[in-house]
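Letter by letter, the chains look like this.
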Amino acid sequence: MGVTINETTMVAEIDLNENAAYVVIDGPLTKVLPKKFGTDEIHWKDGKVLDVVRSERHRLKGQPEI
C-alpha cells in the first residue's frame, strides 16, 4: 500500500515517491489510486468524506467507438 501505520499512535507514514491521494475517515485510511485521465470529485457530509465520484475522459481521435 506504500503506507506504514503505527497502530499505537495512529500516525501514518506515506511514500512520497508514489502518486496517490489519501482519505482518512475516523482513523481508517483509504488510498485513492491515480488513473490515466479523468476527474475525482470528493463529496463531504458532516465534515467527513462520504463518496469519491470518479469520471473518466476519453479523447476522440476518430476511433469507431469508445
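As a starting point, this report considers the structure included with it.

Cut-offs used in this document
Residues numbered from 1 in each chain as written. Predicted model: local features only at pLDDT ≥ 70, side-chain atom pairs only at ≥ 80, totals over all residues. Heavy atoms only, no water. Helix = DSSP H or I, 4+ residues; strand = E, 2+ residues; numbered from the N terminus. Rg over C-alpha atoms; globule rule 2.2 N^0.38 Å. Contact = heavy atoms within 4.5 Å. Lys, Arg positive; Asp, Glu negative; His and termini not counted. Charge placed at Lys NZ, Arg CZ, Asp CG, Glu CD. Patch = residues over 30% accessible without salt bridge, like charges linked within 9 Å, V, L, I, M, F, W, Y side chains within 5 Å. Areas by Shrake-Rupley, 256 points an atom, 1.4 Å probe, with all protein chains shown as cover. Salt bridge = Lys/Arg side-chain N within 4 Å of Asp/Glu carboxyl O. Buried < 20%, exposed > 50% of the residue type's maximum accessible area, 1.4 Å probe, protein only. Polar contact = N/O pair within 3.5 Å; in protein donor to acceptor, adjacent residues only side chain to side chain.

What follows deals with the overall build of the protein chain. Check the secondary structure of the protein chain and you find 0 helices and 6 strands. Overall, the protein chain shows an N-to-C arrangement of helices and strands of β-β-β-β-β-β. A compact globule built from 66 residues would reach a C-alpha radius of gyration of about 11 Å, whereas the protein chain, at 16 Å, exceeds it by more than 25%. Its C-alpha atoms give the protein chain principal-axis dimensions of roughly 55 × 30 × 15 Å. Within the protein chain, residue pairs in contact and separated by at least 24 positions form 8% of the contacts whose partners lie at least 6 positions apart. Each charge sign in the protein chain was given a centre, from 9 positive and 11 negative side chains, and these centres are 9 Å apart.

Here we come to the environment of L50. Looking at the secondary structure, you find L50 in strand β6 (residues 48-55). Taking the C-alpha atoms as reference, L50 lies 8.9 Å from I25; in sequence the two are 25 residues apart. Those residues within four positions of L50 in sequence are excluded, and the remaining contacts are H43, W44 and K45.

Another aspect to go through is a nonpolar patch on the surface. A cluster of nonpolar residues, I42, W44 and V52, forms a patch on the protein surface that exposes about 310 Å² of accessible area. By the secondary structure assignment, I42 is in strand β5 (residues 39-45). Overall, the relative accessible area of 42% leaves I42 in the partly exposed class.

A word on a positive patch on the surface. Together, K36, R57, R59 and K61 make up a region of like positive charge exposed at the surface. With respect to the helices and strands, K61 occurs in the segment after β6.

This part takes up the side chain of K31. Relative to the helices and strands, K31 resides in strand β4 (residues 29-32). What makes K31 buried here is its relative accessible area of 18%. A distance of 2.3 Å separates the side chain of K31 from the side chain of E18, its partner in a polar contact.

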